[in-house]
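Spelled out from the first residue to the last, the chains are:
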Amino acid sequence: MKFSHKLLLWTTIIIALTLGFSGYYFVNYVFETSLEREVGQALDENSILRFAFETAALNVPVKYDLLQDSSVEQIASNLETSGQGSGRLLRISDEQKQTIYASDGFDTDDELLGSVQENQYSYRVIWSNEHYYIQTGSSVNALGRTLYLETMRDVSQVFEERETGFMVYRRLMILMLILGIAIMYFIASQLTRPIRNLVRATKRMTFGEYSYRAKQVSNDELGRLTQDFNHMSEALEQTIERLEDEVQAREDFVGAFAHELKTPLTSIIGYADMLRSRKLDEEKSLLSANYIYTEGKRLETMSLRLLDIIVTKKEGAKLQKVPVASLFEYLRSMFLPNGNMEFVFEYDEGYVLADPSLIQTVLVNLLDNACKASEEGGRIEISGYSEEEGYRFTVRDYGIGIPEEELSKITQAFYMVDKSRSRSRNGAGLGLALCTEIIALHESRLEIESTLGEGTSVGFLLPEAGKEAAYEEIHS
Ligand code: ATP
Ligand code: MG
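Note that the structure is predicted; figures quoted are calculated from it, not measured.

Here the focus is unusual backbone geometry. Even without a glycine there, the phi angle at Lys-97 is positive, about 65°. Mapped onto the secondary structure, Lys-97 falls in the loop between strand 1 (89–93) and strand 2 (99–102). Using a relative accessible area of 27% as the deciding quantity, one classes Lys-97 as partly exposed. Unlike most non-glycine residues, Glu-443 shows phi in positive territory, near 55°. Checked against the element boundaries, Glu-443 lands in the loop between helix 10 (431–441) and strand 11 (447–451).

Written as structure tokens, this is what we have:
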């Protein structure tokens, strides 16, 4: 059952019960008040008749000591007709509660007389001849006799009014219920609108529509729930996008890896097959063996690089205070013996917060790339400057440069702008991927700028450590 229908059902039940009870109470209250009034009037009438009977008895000529039954009948008959309207209903009984006189239509039992005490009034409500009556009873003392006077007052109208009251109220209640249900239906559907919106959003998201957001229609708790739901969907969407990207990157990586494996392996298998199946002369055998060796070496480099990436990712960086001078000294000792290039080293003294061996790997890779991209004897500048945001390392060459559209791809594993050129220089396309990982571990990123045919500059920022300490050390 829908929540709005439950709300509607319960509200209807509560309205019906409230209206029912209050209506019943109200109509009954009116009825009881009217009946009480009628009882009061019936008792008053009895009291008046009793007084009138006693007075009339006093006026009876004193022939006998006791009041005769015939006189009683006479007085009762006079009293019956003396009232206004169609006549009273009364009954006079003697000491033994035997009827002496009874009006026509006064044909009820004498049960009430049993409870009549001297100088006290009794009454009861009875149903007789299709009418409701208030029957009253009292004792009358007349000329030495104790008689009983009973009256009957027709109160059917009070009962009819009660029935009419119930009927009118029933109709009113049905009308109010219909109206209440219509209003509550509208209110319930308005109140549950945010829930319906959330249900719709959940369904859409279940079917993969992660960008769908629930419409916020109120500012209450449900509105806040919608807001939180939308924030959650946003976070979910981002996580799913990231995971999809990661899966895609992994698939690309596996594809590229398989492809990169295939090329050297095809050469190795081809040359090895030639060596074992044919008798080659010494020169060709040597050539074949050389191909197998160089391709094997390439495979070895590739696997070592991949291993480097995996180990770096796994082990993370052990940051420490590293003097910049030691990094530049290391580069000098590695690259200066290579007399083919013109290396220019320029740097500010200082300290950086870094993992020294990882940063050495980055700088060596960047220098290696710069060498591979430059002509023999080309100029390569390696600089380190202390800036406001940190310490910036830059490797600049004046080589072939990189086309603008390739700039974003060269940090992907196995990506090479010119594959044959890179392979001929023993490249595996993994250097920049490794550098990107390492720099990310230092919470920084590679900044690559390049102009085709003019050269490339690759830089990155590292946090500077203890400027003052460095100053002290240099001057001590
Ligand atoms: P590896 O570094 O694994 O030996 P690689 O140098 O080919 O091989 P990366 O260092 O990842 O691989 O570089 C990716 C590609 O980006 C290179 O193949 C090259 O095409 C291009 N590239 C990188 N640095 C430069 C540069 N300084 N000038 C021009 N092209 C560059
Ligand atoms: Mg490289």
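Within soluble globular proteins, side chains that are nonpolar tend to cluster in buried spots. In terms of nonpolar packing, the biggest core is built from 47 residues, with Phe-343, Val-352, Ile-380, Ile-382, Phe-393 and Phe-460 touching the most fellow members. Per-element tally for this core: the top contributor is helix 8 (residues 356–373), with nine residues. Ignoring sequence-local partners within four residues, the contact set of Phe-393 consists of Val-324, Leu-327, Phe-328, Val-352, Leu-363, Ser-383, Val-458, Gly-459, Phe-460 and Leu-462. Listed in part, the 17 residues of the second largest apolar core include Phe-53, Val-60, Ile-75 and Ile-100.

Below, the discussion takes up the site of ligand 1. With respect to spatial proximity, 20 residues lie near ligand 1, and among them Arg-305, Ser-422, Gly-429, Leu-430 and Leu-432 are the closest. A distance of 2.8 Å is found between an oxygen atom of ligand 1 and a backbone nitrogen or oxygen belonging to Leu-430. Burial of ligand 1 by the protein amounts to 94% of the accessible area it has alone, namely 580 Å². For the shell around ligand 1, the elements supplying multiple residues, two or more each, are helix 8 and helix 10.

With mixed pairing, the five strands of this open sheet are ordered in space as 7-9-10-12-11. If you trace the sheet from one side to the other, it starts and ends with strand 7 (342–347) and strand 11, each paired once. Ignoring which end each strand starts from, the neighbouring axes of this sheet average 10° apart. Pairing geometry for strand 7 and strand 9 (residues 379–386), over six bridges, is parallel. Pairing of Glu-342 across the sheet is with Arg-379, part of strand 9. On the sheet, helix 8 packs against strand 7, strand 9, strand 10 (391–397) and strand 12 (455–462) and is oriented at approximately 20° with respect to strand 10.

For helix 10, the set of buried residues is Gly-431, Leu-432, Ala-433, Leu-434, Cys-435, Ile-438 and Ile-439. Elements in contact with the buried residues of helix 10: helix 6 (282–315), helix 8 and strand 12. One or two positions beyond helix 10, positive phi appears at Glu-443, with a value near 55°.

Take the packing of helix 7 (residues 324–335) against helix 8 next. Angle between the axes and distance between the axes: these two values describe a pair of packed helices. Two numbers describe how helix 7 lies on helix 8: the axes approach to 10 Å, and their chain directions differ by 40°. One way to sum up the angle between helix 7 and helix 8 is to call them oblique. Note that helix 7 runs across helix 8; the crossing there is right-handed. Here helix 7 contributes Leu-327, Tyr-330, Leu-331, Met-334 and Phe-335 to the contact with helix 8, which in turn contributes Pro-356, Ile-359, Gln-360, Leu-363, Val-364, Leu-367, Asp-368 and Cys-371. When the residues that make up the contact of helix 7 with helix 8 are grouped by side-chain class, the tally is 11 nonpolar, one polar and one charged.

This paragraph deals with the environment of Glu-329. Take Glu-329: it is sitting in helix 7. Judged by its relative accessible area of 42%, Glu-329 falls in the partly exposed class. Along the backbone, Glu-329 and Phe-345 are 16 residues apart, and their C-alpha atoms lie at a distance of 9.6 Å.

Within a regular strand, side chains alternate between the sheet's two faces. Among the 12 residues that make up strand 4 (residues 131–142), nine are buried, leaving the element largely enclosed by the rest of the structure. Alignment of strand 3 (residues 122–128) against strand 4, held across seven bridges, turns out to be antiparallel. What sits directly across from Ser-128, in strand 4, is His-131. Between strand 3 and strand 4, which pair antiparallel in sequence order, lie two residues; one of them, Asn-129, sits at a positive phi of approximately 45°. Hairpin connection between strand 4 and strand 5 (residues 145–154): a loop of two residues separates the two successive antiparallel strands, and Leu-143 in this loop has a positive phi of roughly 45°.

It is worth spelling out the packing of aromatic side chains at this point. Inspection of every chain in the model, using the stated rule, returns 16 aromatic pairs. A ring pair is formed by Phe-31 and Phe-159, whose centres lie 4.9 Å apart and whose planes are at 70°; its orientation type is edge-to-face. With a gap of 128 residues between them, Phe-31 in helix 1 (residues 3–58) and Phe-159 in helix 3 (residues 156–191) connect regions that are remote in the sequence. Overall, the relative accessible area of 8% leaves Phe-31 in the buried class. A relative accessible area of 12% means that Phe-159 is categorised as buried. Between Phe-253 and Phe-257, the ring centres sit 6.2 Å apart and the planes meet at 5°, which makes this aromatic pair stacked. Within this pair, Phe-253 and its partner Phe-257 are both found in helix 5 (residues 221–277), separated by four residues, close to a single helical turn.

Cut-offs applied
Residues numbered from 1 in each chain as written. Chains lettered and ligands numbered in written order. Predicted model: local features only at pLDDT ≥ 70, side-chain atom pairs only at ≥ 80, totals over all residues. Heavy atoms only, no water. Helix = DSSP H or I, 4+ residues; strand = E, 2+ residues; numbered from the N terminus. Buried < 20%, exposed > 50% of the residue type's maximum accessible area, 1.4 Å probe, protein only. Core = buried A, V, L, I, M, F, W, Y, C linked by side-chain atoms within 4.5 Å. Contact = heavy atoms within 4.5 Å. Near = heavy atom within 4 Å. Polar contact = N/O pair within 3.5 Å; in protein donor to acceptor, adjacent residues only side chain to side chain. Areas by Shrake-Rupley, 256 points an atom, 1.4 Å probe, with all protein chains shown as cover. Pairing = 2+ DSSP bridges. Axes fitted to C-alpha atoms, helices over the stretch in contact; angles between N-to-C directions. Parallel < 35°, antiparallel > 145°, perpendicular 65-115°, else oblique. Left-handed = near helix turned anticlockwise from the far one by under 90°. Nonpolar A, V, L, I, M, F, W, Y, C, P; charged D, E, K, R; others polar. Phe/Tyr/Trp six-rings, centres within 6.5 Å; stacked < 30°, edge-to-face > 60°.

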